[in-house]
Amino acid sequence: MQALPEDIKKYENTYEKGWEYIRQARFERMKKSGLFKGYKISLSDFMYPELNWHNNKNKAWDAKAMAVHAAMVDGMDKNIGKLIKTLKDNNLLDNTLIMFLSDNGASAEDPALYGSGFDRAGSTRDGKIVIFPKNKEVLPGPQTVHTGIGAQWANTTSTPFRYWKSKEHEGVISTPFIAFWPKKINQKNTINTTPAHIIDLMSTCLEVAGGKYPTQYNDNPITLTPGTSLLPVFLKNSSGQIHKELFWEHFGAAALRQGNYKIVKVNNNSDWELYNLKADRSEINNLANKNPDLLKSLTQRWEKLANDYKVYPKPLSN
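Note that the structure is predicted; figures quoted are calculated from it, not measured.

**Q** Now, about the pattern of salt bridges: what can you tell me, with residues and values included?
**A** Evaluation of the coordinates by the stated rule reveals 14 salt bridges. Close ionic contact of D89 with K85 constitutes a salt bridge, the shortest N to O distance being 2.8 Å. On the criterion of helical spacing, the pair formed by D89 and K85 is a turn pair, its members being four residues apart in helix α3 (residues 59–89). The closest approach of N and O atoms between R281 and E170, which form a salt bridge, is 2.7 Å. Placement of the pair is R281 in the loop between β10 (273–276) and α8 (292–308) and E170 in helix α5 (residues 170–173), with a sequence separation of 111 residues. Connected via shared salt-bridge partners are D7, K10, D74 and K78.

**Q** Residues and numbers for the sheet that holds β10, please.
**A** Strand order in the open sheet formed by four strands is β7-β8-β9-β10, with antiparallel pairing between adjacent strands. A single partner strand is all that each edge strand has here, and the edge strands are β7 (245–250) and β10. For this sheet the average axis-to-axis angle between neighbouring strands, irrespective of direction, equals 10°. Two strands pair when backbone bridges link them, and β7 and strand β8 (residues 253–258) are joined in this way by six bridges, in the antiparallel orientation. Each bridged residue has a counterpart across the sheet, and for E249 the counterpart in β8 is A254. The strands touched by α8 are β7, β8, β9 (261–265) and β10; relative to β8, the strand with the most contacts, the crossing angle is about 115°.

**Q** Could you give an account of a nonpolar patch on the surface, naming the residues involved and the relevant values?
**A** The grouping of V73, M76, F100, I178 and F180 at the surface amounts to a nonpolar patch, some 410 Å² of accessible area in total. Those elements giving two or more residues to the nonpolar patch turn out to be α3 and β4 (177–180). When its relative accessible area of 32% is taken as the criterion, F100 is described as partly exposed.

**Q** I'd love a proper account of empty space enclosed by the protein, names of residues and values included.
**A** Empty space among the atoms becomes apparent when a probe as large as a water molecule is rolled across them. Going through the model one piece at a time under the given rule, you end up with one cavity of 30 Å³ or more. Quantified by volume, the largest cavity comes out at close to 30 Å³. Residue lining of the largest cavity: P195, Q241, H243, E245, L246, R257 and G259, and that is the complete set. In the lining of the largest cavity, the residues fall into two nonpolar, three polar and two charged.

**Q** Explain the packing of helix α2 (residues 19–33) against helix α4 (residues 150–157) to me, using residue names and the numbers behind them.
**A** Packing of α2 against α4 leaves a shortest axis separation of 9 Å and a crossing angle of 5°. What the angle tells us is that α2 and α4 run roughly parallel. Across from W19, I22, R23 and R26 in α2, the residues of α4 making contact are Q152, W153, N155, T156 and T157. Partitioned by chemical class, the residues of the contact of α2 with α4 number three nonpolar, four polar and two charged.

Analysis parameters
- Residues numbered from 1 in each chain as written.
- Predicted model: local features only at pLDDT ≥ 70, side-chain atom pairs only at ≥ 80, totals over all residues.
- Heavy atoms only, no water.
- Salt bridge = Lys/Arg side-chain N within 4 Å of Asp/Glu carboxyl O.
- Helix = DSSP H or I, 4+ residues; strand = E, 2+ residues; numbered from the N terminus.
- Pairing = 2+ DSSP bridges.
- Axes fitted to C-alpha atoms, helices over the stretch in contact; angles between N-to-C directions.
- Contact = heavy atoms within 4.5 Å.
- Patch = residues over 30% accessible without salt bridge, like charges linked within 9 Å, V, L, I, M, F, W, Y side chains within 5 Å.
- Areas by Shrake-Rupley, 256 points an atom, 1.4 Å probe, with all protein chains shown as cover.
- Buried < 20%, exposed > 50% of the residue type's maximum accessible area, 1.4 Å probe, protein only.
- 1 Å grid on protein atoms, 1.4 Å probe; cavity = no way out; pocket = protein on both sides within 12 Å on 5 of 7 lines; lining within 4 Å.
- Points joined across faces, edges and corners; volume = space filled by probe spheres on them.
- Nonpolar A, V, L, I, M, F, W, Y, C, P; charged D, E, K, R; others polar.
- Parallel < 35°, antiparallel > 145°, perpendicular 65-115°, else oblique.

Right, here's the structure in full:
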């Protein structure tokens, strides 16, 4: 988590009021914009070492960490702008399909919580020693410091949802996605809520390019892609279901969505949760105990897919 000093400076006072203040402020802006009509903000009473920002002894460090995070996004935005300008200057923009999406949730990793003192390891490209600050004794930002924003800020970035990278709740797998193609996409500034997946991008690119997915390589059969082209969604602004179901697993976190119903669990040792995403996109009202038959059916289906797609790690050999 590193950024240019001039970009960090733009945000140095932005996050001084803390996690929950920023989270609530973001949610209010989302409601006013119409982005999340009828949504509620998810709960955040978990994995918070310091629930009260005012009692957080590391306020200055944590505010600076999020400023660096924002500066990184700022730098990315500027360079995307340069790319778009280059396409426009070369008369290529109108017939270029641009698909932009974020990663699967913000990272909750925070090396600053791993102990006391400093660990020094590796080097940057100019030969400087990299510092892994512990107990938040060195402010983040320069290329000589390696750290992260931690769980609290990662959860804030998922507003109004919850959790962070490596989990499967909506705050992680619900990824902002933009499709831009002036020559073909006529619906400007519209929001489409069709559930889709990153597996669909291969199929989309193949249809756009007029290609075909191969069936074999070097006489070896190739597994068929489970993806579906998003081109009809882009061109016709059609909405609804293009997948009968969607399935996830990552480090023991797991989920399955069929229609509006979704089961999800935090890790291998946690219970399955059940949500109706049409009524409760923020995953606040767990319906598992009220719908045991539906829960059983969906969990059995998840197990079937887990074995079909071989998501379980292989046993370690001696």
